[in-house]
Amino acid sequence: MNKHFGIDVSSWQKNVDYHKAVTKGGVEFAMLRAGFGKNVETQKDNMFDKHYEGFVREHIPVGAYQYSYATSPAGAILEAQAMLEWVKEKPMDLPLFLDMEEADVAKLGKETCTMIAVTWCRYIRDAGYDCGIYANPNWFENYLDPKAIAEVGYIWCASWGTEKPEYPNMIMWQYGGETNKVRERAVEGVGDVVDQNYFYGDLPDVAPHATEYQYVICTKKTYTLDKNGKAEARRWIDKGDLCAIRLVPSPLIEVVYPTANGHRTAYLKDISNFVTE
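The present account deals with the structure reproduced in this document. (Residues numbered from 1 in each chain as written. Predicted model: local features only at pLDDT ≥ 70, side-chain atom pairs only at ≥ 80, totals over all residues. Heavy atoms only, no water.)

### Topic: the sheet that holds strand β4 (residues 96-99)
Then comes step 1: Pairing is mixed in the closed barrel, where eight strands are placed in the order β1-β2-β3-β4-β5-β6-β7-β8. For this sheet, the mean angle separating the axes of adjacent strands, direction not counted, is 25°.
Then comes step 2: Sheet topology note: the strand β1 (residues 3-9)/strand β8 (residues 195-200) ladder contains six bridges and is antiparallel. When the bridges of β8 are listed, Asp8 appears paired with Asp195.
Then comes step 3: The strands touched by helix α2 (residues 48-57) within the sheet are β1, β2 (29-36) and β3 (62-67), with β2 carrying the most contacts at an inclination of about 165°.
Then comes step 4: Contacts from helix α5 (residues 110-126) reach β3, β4 and β5 (131-135) within the one sheet, and its direction differs from that of β5 by about 145°. (Pairing = 2+ DSSP bridges. Helix = DSSP H or I, 4+ residues; strand = E, 2+ residues; numbered from the N terminus. Axes fitted to C-alpha atoms, helices over the stretch in contact; angles between N-to-C directions. Contact = heavy atoms within 4.5 Å.)

Take a look at the structure:
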């Protein structure tokens, strides 16, 4: 299975050089803390917007997570509502996760903690997002039911060692931060210490972002090119498709267009078959 290197960042990382993090640090994806708790106004991470804009401009996939204090399913819904407010108008390429590690919540026991996790995931999923739960092995073994979570979302496990944990529907492993036995703690462009992760599987194509793209409509079936300018076999954009043209100077024109499975990035030589929306 493919694995990709990424980081998760929050208000602890205030001076990120996003371009260097991607081009020199090798960051392929980023998970961003959107906030913590349920108060939309006071508990939003104060670096969320900046981190989002910075990594989106580097054209890598981003997702978001929320630190949880919820002590009941009702509280989980309030936190989910806050999360949806924070990510509104911010296209996400990767799932949204609930970070469960609060000691006072663990005291409620496995059944209640699992209900909180499942309730949050269902609410986020019903809003149209992929979702999941972030926790460490102690939580997944003693306070959460991984099988129940896997039925409604993904698992992102934090285990700072050399052996990858195994849980159902696990797509990310946070293998290090202050302690890192897999790679160096520092990532160029980010800092001396940052949480590091592997994503397992194929990273998704990046969703269009309003500040970089112009929306256009295809007026005629148009075959696409790969990044080297070669025609792609059996790949085309259908007449009537709403696409996004990336507004970055290049010999080729980058286009994001809809497919049966979501959206896909390809290239064009010109946009004579497209009109503005």
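### A few points about the packing of aromatic side chains
Then comes step 1: If you walk through the whole model with that rule in mind, you get 13 aromatic pairs.
Then comes step 2: Feature note: the residues Tyr65, Phe97, Tyr134 and Trp156 constitute an aromatic cluster, connected by ring pairs.
Then comes step 3: Directly above the aromatic system of Tyr200 lies the positively charged group of Lys164, at a separation of 4.7 Å from the ring centroid.
Then comes step 4: The cationic tip of Arg183 hangs over the ring face of Phe5; the distance from NZ or CZ to the ring centre is 3.6 Å. (Phe/Tyr/Trp six-rings, centres within 6.5 Å; stacked < 30°, edge-to-face > 60°. Lys NZ or Arg CZ within 6 Å of the ring centre and 35° of its normal.)

### Section: unusual backbone geometry
Then comes step 1: One non-glycine residue with positive phi stands out, namely Asn169, at about 60°.
Then comes step 2: Structurally, Asn169 is set in the loop between β6 (154-158) and β7 (170-176).
Then comes step 3: By relative accessible area, which is 37% here, Asn169 ends up partly exposed.
Then comes step 4: Here the phi dihedral of Arg234 falls at roughly 55°; this positive angle occurs in a residue that is not glycine.
Then comes step 5: Considering the arrangement of structural elements, one finds Arg234 in strand β11 (residues 231-237).
Then comes step 6: The class for Arg234 is exposed, based on a relative accessible area of 72%. (Buried < 20%, exposed > 50% of the residue type's maximum accessible area, 1.4 Å probe, protein only.)

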